[in-house]
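Coordinates in review
Letter by letter, the chains look like this.
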Amino acid sequence: IVKENRSIPTVSVQVAFLGGVRFEEEAQNGINHLLAVMITKGTEHQTSLQIAKKVERMAGSLGGFSGYNSFGLSFTFLSQHAEEAFGLLTEIIKEPAFDSGEMEKRRRVILAAIQQQEDDLSRLVFKLFRKALYEKHPYRMDTLGTIESIQKLTPQDLKAYYRRIAVPENMVFTVVGDVDAQQVISTVKGGLGDLKRGMLTFPVLPQEMSLQKTRRIEVTKKKEQAHFVLGFLGTTFHQKDRYAMEVLDATLSGQGGRLFYELRDKESLAYALHFMAYPNLDSGFLGIYMGTHPDKLEKAIRRVLEELKKVKEEGFTEDEVARAKKFLIGNFEIGLQTNGAQAGQISLDELYGLGYDHFKNYPREIEKVSKEEVSRVVQKYIHLDAYAIAIIRPPAGKEE
């Protein structure tokens with residue numbers, strides 16, 4: 001996919017593959033993240049340092065990425081270096097080294113990051129929430145992996161997994177910037193045209209059913225605060241409900257939202273408070289995160305449920321919904337101002353089956369959402385007798 005934009009002399013390329021946590025087994029949890037870190041750290045012909053120096057000379061930035069649904073590479077550089085940049089990117093895609101010495105360095109960094117999560121309570125509570133919400137689906141796992149899984153991964157594991165997913169039928173190659181489209185097409189064909197088709201089999205994933213009862217995970221940490229996430233299974237990228245759900249998110253979240261006003265401003269129950277609704281390739285989630293004082297924890301949970309009940313019973317005003325839609329469309333358009341942001345959006349939309357031009361339709365879809373539709377998704381997804389909740393609180397009683 002090529003989008004010419006001659007206004008500034010830069011080019012952004014994104015190469016994306018379906019993958020991510022969604023493709024992982026527990027024994028290899030974190031392989032996509034490790035792959036994203038390793039992919040730019042040497043090829044069969046160049047070391048990590050040689051690649052870094054070349055990228056620096058192009059005034060560029062090059063890095064791997066991975067998440068819940070995908071894995072890939074992003075590369076931004078000055079357009080005068082286009083030929084060299086495409087050559088380097090082709091080499092990285094076709095001949096990554098996955099050198100064992102480099103891998104040991106990166107492994108240590110990832111293991112340290114996993115251990116640090118134990119002290120980052122706001123991140124840890126989301127990790128616990130995913131476990132409470134998803135019983136079977138890979139989304140229950142963390143993108144970084146576990147100490148056990150990361151310790152066991154070998155360069156051979158990375159090579160085998162990469163060979164499996166980095167095949168042309170699973171690849172979207174997107175270029176946005178100061179380029180000539182025909183020239184890009186012939187360059188990419190010249191560099192990647194001989195890539196062998198693979199035998200990619202997509203994982204058959206268990207679909208999560210809506211919760212039938214409340215699931216609760218609670219841990220104690222010797223910290224001064226309490227944190228919780230309370231939420232529900234959400235929608236997918238492909239369901240129409242996602243647009244009404246995003247309007248719901250914008251209505252309830254942020255400092256202008258009613259949850260913030262009721263629970264933080266009026267009652268001082270929270271020092272951190274967010275409502276979020278994340279669609280995903282399979283069912284995402286919606287919910288509320290709160291950081292609060294341990295003495296206020298039970299009241300905070302009760303008040304969140306009461307506010308959600310009020311939302312279910314009363315719905316929203318035309319003004320609240322109009323404001324939320326304006327905010328979403330404005331933010332979306334601001335977010336697409338760079339070539340890199342456009343390459344990322346176009347690439348993943350195409351990869352996930354929404355179509356490369358989905359970004360043109362998004363504002364229209366948001367504009368169409370009515371307050372009745374927002375109320376409908378509230379009734380459909382928010383069930384106050386069956387939710388997932390993860391809680392972190394200090395141990396009971398005073399320490400000696």
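Provided above is the structure to which this section pertains.
Given the structure is predicted, the values throughout are model-derived calculations rather than measurements. (Residues numbered from 1 in each chain as written. Predicted model: local features only at pLDDT ≥ 70, side-chain atom pairs only at ≥ 80, totals over all residues. Heavy atoms only, no water.)

1. Points about the nonpolar core
Applicable threshold: As used in this record, nonpolar core signifies buried Ala, Val, Leu, Ile, Met, Phe, Trp, Tyr and Cys residues forming a set joined through side-chain atoms within 4.5 Å. Three labels apply to residues, based on accessible area from a 1.4 Å probe with only protein chains included: buried if under 20% of the type maximum, exposed if over 50%, partly exposed otherwise in between. Any two residues having at least one pair of non-hydrogen atoms within 4.5 Å are treated as being in contact.
One finds V13, V15, F75, I93 and F173 to be the most contacted residues of the largest nonpolar core, which totals 77 residues. Here F173 is in contact with I1, V13, Q14, V15, F86, L89, I93, V188 and L192, once residues within four sequence places are set aside. With 51 residues, the next largest nonpolar core counts V176, L230, F275 and V321 among its residues.

2. Regarding the sheet that holds strand β10 (residues 388-393)
Applied cut-off: Strand pairing is assigned whenever DSSP detects at least two bridges linking the two strands. Under the DSSP-based scheme used, a helix requires at least four consecutive residues in state H or I and a strand at least two consecutive residues in state E, with every element numbered from the N terminus. All axes are obtained by fitting lines to C-alpha atoms, using only the stretch in contact for helices, and the reported angles, taken between N-to-C directions, cover 0 to 180 degrees.
Reading across from one edge, β6-β10-β7-β9-β8 is the order of the five strands in this open sheet, with mixed pairing throughout. Only two strands of the sheet have a single partner each, and these edge strands are β6 (215-220) and β8 (272-278). Across this sheet, the average inter-strand angle for adjacent strands is 10°, counted without regard to direction. Here β6 runs beside β10; their pairing, made up of six bridges, is parallel. The residue bridging R216 from the neighbouring strand is I389, located in β10. Running at roughly 155° to β8, helix α10 (residues 258-266) makes contact with β8 and β9 (285-292) of the sheet.

3. Points about the sheet that holds strand β2 (residues 10-18)
Strand order in the open sheet formed by five strands is β1-β5-β2-β4-β3, and the pairing between neighbours is mixed. The sheet terminates laterally at β1 (2-4) and β3 (61-66), the two strands that pair on one side only. Looking at each pair of strands side by side, their axes are set apart by 10° on average, direction ignored. Both β1 and strand β5 (residues 171-177) contribute to a ladder of three bridges, which runs parallel. Within the sheet, the bridge partner assigned to V2 lies in β5 and is V175.

4. Here we look at the packing of aromatic side chains
Where we set the bar: We call Phe, Tyr and Trp rings a pair once their centres come within 6.5 Å, taking the six-membered ring for Trp, and we label the pair stacked below 30 degrees between planes, edge-to-face above 60, and tilted otherwise.
According to the stated counting rule, one finds 16 aromatic pairs in the structure shown. When the ring of F86 is compared with that of F173, the centres are 6.4 Å apart and the planes differ by 25°; the resulting orientation is stacked. In this pair, F86 sits in helix α3 (residues 82-94) while F173 sits in strand β5, placing the two residues 87 residues apart along the sequence. Between the aromatic rings of F98 and Y162, the centroid separation amounts to 5.6 Å while the plane-to-plane angle is 70°, which identifies the pairing as edge-to-face. Here the residue F98 occupies a position in the loop between α3 and α4 (100-117), and Y162 occupies one in helix α7 (residues 155-165), the gap between them amounting to 64 residues. We classify Y162 as buried; its relative accessible area is 6%. Ring pairing ties together the aromatic residues F17, F71, F98 and Y162, which thus form one cluster.

5. Description of the packing of helix α12 (residues 318-335) against helix α14 (residues 358-368)
Condition: Note on angle classes: values under 35 degrees are labelled roughly parallel, values over 145 roughly antiparallel, values of 65 to 115 roughly perpendicular, and the remainder oblique. Lys, Arg, Asp and Glu make up the charged group, whereas Ala, Val, Leu, Ile, Met, Phe, Trp, Tyr, Cys and Pro make up the nonpolar group; the residues left over, Gly among them, are polar.
Relative to each other, α12 and α14 sit at 170°, their axes nearing to 9 Å. Taken together, the axes of α12 and α14 lie roughly antiparallel to each other. Across the interface between the two elements, K325, L328, I329, F332 and E333 from α12 touch F359, Y362, P363, I366 and E367 from α14. By residue class, the composition of the contact of α12 with α14 is seven nonpolar, no polar and three charged.

6. Things to note about the side chain of S283
Mapped onto the elements, S283 comes out in the loop between β8 and β9. Ignoring any residue separated from it by four or fewer positions in sequence, one finds S283 in contact with Y134, Y139, L233, G234, T235 and T236.

7. Structural notes on the layout of surface pockets
Using the following cut-off: Only protein atoms enter the calculation, which uses a 1 Å grid: trapped sets of points that fit a 1.4 Å probe without letting it out are cavities, open sets showing protein on both sides within 12 Å along at least five of seven lines are pockets, and any residue with an atom within 4 Å of a point is a lining residue. Grid points are joined across faces, edges and corners, and a volume is the space filled by probe spheres set on the points.
Reported here for the largest pocket is a volume of approximately 650 Å³. Lining the largest pocket are 26 residues, and of these F237, R242, E246, P279 and Q345 sit closest to its centre. Of all the secondary structure elements, the ones that give two or more residues to the lining of the largest pocket are β3, α9 (241-252), β8, α12, α13 (339-351) and α14. When the residues that make up the lining of the largest pocket are grouped by side-chain class, the tally is 13 nonpolar, nine polar and four charged.

8. Observations regarding unusual backbone geometry
Backbone phi values are negative for most residues with the exception of glycine, while trans is the configuration of most peptide bonds. Phi at A59 is positive, roughly 55°, even though this residue is not glycine. Checked against the element boundaries, A59 lands in the loop between α2 (48-57) and β3. Taking the relative accessible area as the measure of exposure, A59 reaches 53% and is therefore exposed. In this structure, F98 takes a positive phi of about 50° despite not being glycine.

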